[in-house]
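What follows is each chain in one-letter form.
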Amino acid sequence: QVRVVESGGGLVQPGTSLRLSCYASLDDFWVYDITWYRQSPESQREFVATIATSGTKTYSDSVKGRFAISRDDYKKTAYLEMNMLTPEDSAVYYCNVVFSPQNSFWGQGTQVTVSS
């Protein structure tokens, strides 16, 4: 059974940084696209950033210039570097590892809270 585990969340002050990690127990991790989503109690799950197997990266307008997505296929891990955090970034962050609609895996999420 495939495991996807997010980590790195926590409580931080506005203006600071966090790095989230997403590990997937996939032998062929390198063929999967990785996408980060987030969801707060007041909103639906929203797209944050994605990194394709080619390394192409796409960001939502709300995080562009502040967040950076990356991957290390040898470690089967993707990362989301989050800078200049604001309270509006508070949410549960989820990692989606996708090869096809039939091969799509989600983690349980990691909570990020930005508050002074």
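First, a word on what this report is: a plain description of the structure on this page.

Calculation notes
Residue numbers run consecutively from 1 along every chain, following the written order of its sequence. The predicted nature of this model means local features are confined to residues of pLDDT at least 70 and side-chain atom pairs, given and counted, to a pLDDT of 80 or more, with totals for whole chains, interfaces and linings taken over all residues. Think of the side-chain values as coming from all heavy atoms in the structure, minus any hydrogens and water. What counts as a disulfide here is a pair of cysteine sulfur atoms lying within 2.5 Å. Strands are runs of DSSP state E lasting at least 2 residues, helices are runs of H or I lasting at least 4, and numbering of each runs from the N terminus. Residue exposure (1.4 Å probe, protein chains only): buried if accessible area is under 20% of the type maximum, exposed if over 50%, otherwise partly exposed. We define a salt bridge as a contact between a side-chain nitrogen of Lys or Arg and a carboxyl oxygen of Asp or Glu at a distance within 4 Å. Whenever a nitrogen or oxygen atom comes within 3.5 Å of another N or O atom, the pair is scored as a polar contact, on the condition that within protein one atom can donate a hydrogen and the other can accept it, and that pairs from neighbouring residues in sequence are kept only if both atoms are in side chains. The contact rule is simple, with two residues in contact once any of their heavy atoms fall within 4.5 Å.

### Some remarks on the state of the cysteines
- Counted by the stated rule, this structure contains one disulfide.
- Disulfide pairing is shown between Cys22 and Cys95; the S-S distance is 1.9 Å. In this structure, the disulfide formed by Cys22 and Cys95 twists by about -75° around the S-S bond and is classed as left-handed. One end of the pair, Cys22, is in strand 3 (residues 18-24); the other, Cys95, is in strand 9 (residues 91-100), with 73 residues separating them in the sequence. Neither residue differs from the other here; Cys22 and Cys95 are each classed as buried.

### Topic: the pattern of salt bridges
- Taken as a whole and assessed by the stated rule, the structure comprises six salt bridges.
- In this structure, Asp61 engages Lys64 in a salt bridge whose closest nitrogen and oxygen atoms are separated by 3.4 Å.
- Notably, a salt bridge pairs Arg66 with Asp89, separated by 2.8 Å at the nearest N-O pair. Of the two residues, Arg66 sits in the loop between strand 6 (57-59) and strand 7 (67-72) while Asp89 sits in the loop between strand 8 (77-82) and strand 9, which places them 23 residues apart along the sequence.
- Sharing partners across several salt bridges, the network here consists of Arg38, Glu46, Arg66 and Asp89.

### Quick word on the side chain of Arg71
- Within the fold, Arg71 resides in strand 7.
- The exposure class assigned to Arg71 is buried, which follows from its relative accessible area of 16%.
- A polar side-chain atom of Arg71 sits 3.2 Å from the main-chain carbonyl oxygen of Phe29.
- Within the local environment of Arg71, its side chain forms a polar contact with the backbone oxygen of Ile51, the two atoms lying 3.5 Å apart.
- If near-sequence neighbours (up to four positions away) are discounted, Arg71 is found in contact with Phe29, Trp30, Tyr32, Asp33, Ile34, Ile51, Ala52, Thr53, Thr77 and Ala78.

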